[in-house]
Amino acid sequence: MTTAGRLPRAHLRGLPKPVRLAHEYCFFLHDETLRMLVEYEGARAHFVRHDFADAEQAQAYARLAETLHPIEAMRRLGLEAQARRVVLNQVVMAMTSDVLHHLYEGLRCLEKRKSIVALNLLRKPLIDNLLYLSWMCGDEDAFYEAFTNGGPQALQPKVLGNHRQDILAKAMAATEIAGLIDPAYVHETIFDAKNPYGLYRLFQHAVHLVTFDRLELRTEPENFNLIFKSPSDDDLYHAVYEQLPTLILFLAHVLSTLFDRMRPMDKGARTAFMVRSAQGYWLTQGGQAAEQSRSDLTKMLTANFRCGDCDTPLKMTDHNMARIILAETCRCTTCGMVSGFPFSWIF
């Protein structure tokens, strides 16, 4: 499989060749989501502005805020909608930061063949954070009610267990990639212990030395979970990257939907992310999906772009497809010159 030129070769050297493009794609999704977070923080888009009705209301708020949390002060004045938006925005920003820290370190550990550490790091954003973010995305009212009035008990994973499929389905329907991924597949991959191809068993074995209660997770006799696994084995990498692009794609679009709700994104930037993430996903899946991606890009680009050095028309090789979508560069098939290719600018 080709690579995209997004990451330094030294970062990819430790990965099996067939999963390198999937790894670069996962980092693309991480980096684009990080860019959203940084830009929203820089623009203070998570801040909620409110013009008080009059000076008396402003003074009343100032007095209450001296002894109460600002959110509680807003509620005392009947500004429940504003208080709600503040709460939701703060949760999104904090949880996104937590997700990205874990994803980054998990992906870097995979590059270093620290696969068990990577599974520990990936488990939290994909099992815990994703469920709460999906709940916010698909049913904001229910999440807010549980978060503000239900207490920790209402947020327990075991309380949500019977509703996970519905939560993921509603979240998927709210994103721009509805129909691209089956939410049932996401649920089976992350939460179904009986799925031999899912990640739940790997996550549990990475966290716990001994698992016994569930037969499908039970530790083998005279063994501890995964500690005797050789770092040089590739089978775990193939199992992880078979699923990881799909899961991080879903997570990234749940987050982009929540950001857009906070403050609408630039339409072109949102479209560019949707197109690049979908086209990149098809590349990682191979087969007919990848060929359709090649056809789309060939029709869109090859007639209008030439090498700036030797004037050769752009040729849509596998490598250039990956470069254009994930790294916004292309390589001339004649002289080998690598040039910037502002794919997002088209949108």
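Use the structure listed above.
This structure is a prediction, so every number in the text was calculated from the model and none was measured.

## Looking at helix α12 (residues 235–262)
With 28 residues, α12 extends 41 Å between its outermost C-alpha atoms, agreeing within 8% with the 40 Å of an ideal straight helix rising 1.5 Å per residue. Maximal helix bending in α12 amounts to about 35 degrees, located at leucine 244; proline proline 245 follows within four positions. In terms of residue burial, α12 counts as a mostly covered element, since 22 of its 28 residues are buried.

## Observations concerning the side chain of histidine 23
Inspection of the secondary structure puts histidine 23 in helix α2 (residues 20–42). For histidine 23, a relative accessible area of 0% gives the class buried. Engagement of the side chain of histidine 23 in a polar contact is seen with the side chain of glutamate 111, the distance being 2.7 Å. Here histidine 23 is in contact with Leu7, Leu12, Leu15, Leu107, Glu111 and Tyr241, once residues within four sequence places are set aside.

## Describing the nonpolar core
By size, the foremost hydrophobic cluster in this structure holds 101 residues, and its most contacted members are Leu110, Tyr241, Leu244, Phe250 and Phe259. In terms of residue count, α12 provides more of this core than any other element does, 16 residues in total. Apart from residues lying up to four places away in sequence, tyrosine 241 is in contact with Leu15, Val19, Ala22, His23, Cys26, Leu107 and Leu110.

## Concerning the side chain of asparagine 225
Locating asparagine 225 in the fold gives a position in the loop between α11 (200–207) and α12. Here asparagine 225 falls in the buried class, since its relative accessible area comes to 6%. From its side chain, asparagine 225 meets the backbone oxygen of histidine 208 in a polar contact 2.9 Å long. When sequence neighbours within four positions are dropped, the list of residues in contact with asparagine 225 reads His205, His208, Leu209, Val210, Thr211 and Thr219.

## What to know about the packing of helix α13 (residues 267–285) against helix α14 (residues 287–301)
Where α13 meets α14, the axes come as close as 6 Å, and the angle between the chain directions of the two elements is 135 degrees. Classed by the angle they form, the pair α13 and α14 counts as oblique. Note that α13 runs across α14; the crossing there is left-handed. Contact residues: Gln279, Trp282, Leu283 and Gln285 in α13; Gly287, Ala289, Ala290, Ser293 and Asp296 in α14. Residues belonging to the contact of α13 with α14 are distributed by class as follows: four nonpolar, four polar and one charged.

## Concerning the pattern of salt bridges
Inspection of the entire model under this criterion finds 22 salt bridges. Residue glutamate 140 is joined to arginine 85 by a salt bridge in which the shortest nitrogen-to-oxygen separation is 3.6 Å. You can see glutamate 140 sitting in helix α7 (residues 140–154) and its partner arginine 85 sitting in helix α5 (residues 80–111), a full 55 residues away along the chain. A residue is classified by how much of its surface remains accessible, and glutamate 140, at 17% relative accessible area, is buried. The exposure class of arginine 85 is partly exposed, given its relative accessible area of 21%. In this structure, a network of salt bridges that share partners links the residues Arg84, Arg85, Glu140, Asp141 and Arg261.

Conventions we followed
Residues numbered from 1 in each chain as written. Predicted model: local features only at pLDDT ≥ 70, side-chain atom pairs only at ≥ 80, totals over all residues. Heavy atoms only, no water. Helix = DSSP H or I, 4+ residues; strand = E, 2+ residues; numbered from the N terminus. Expected span 1.5 Å × (residues − 1). Bend = angle between axes of the 7 residues up to and from the residue. Buried < 20%, exposed > 50% of the residue type's maximum accessible area, 1.4 Å probe, protein only. Polar contact = N/O pair within 3.5 Å; in protein donor to acceptor, adjacent residues only side chain to side chain. Contact = heavy atoms within 4.5 Å. Core = buried A, V, L, I, M, F, W, Y, C linked by side-chain atoms within 4.5 Å. Axes fitted to C-alpha atoms, helices over the stretch in contact; angles between N-to-C directions. Parallel < 35°, antiparallel > 145°, perpendicular 65-115°, else oblique. Left-handed = near helix turned anticlockwise from the far one by under 90°. Nonpolar A, V, L, I, M, F, W, Y, C, P; charged D, E, K, R; others polar. Salt bridge = Lys/Arg side-chain N within 4 Å of Asp/Glu carboxyl O.

In short, shape yes, function no, at least from these values alone.
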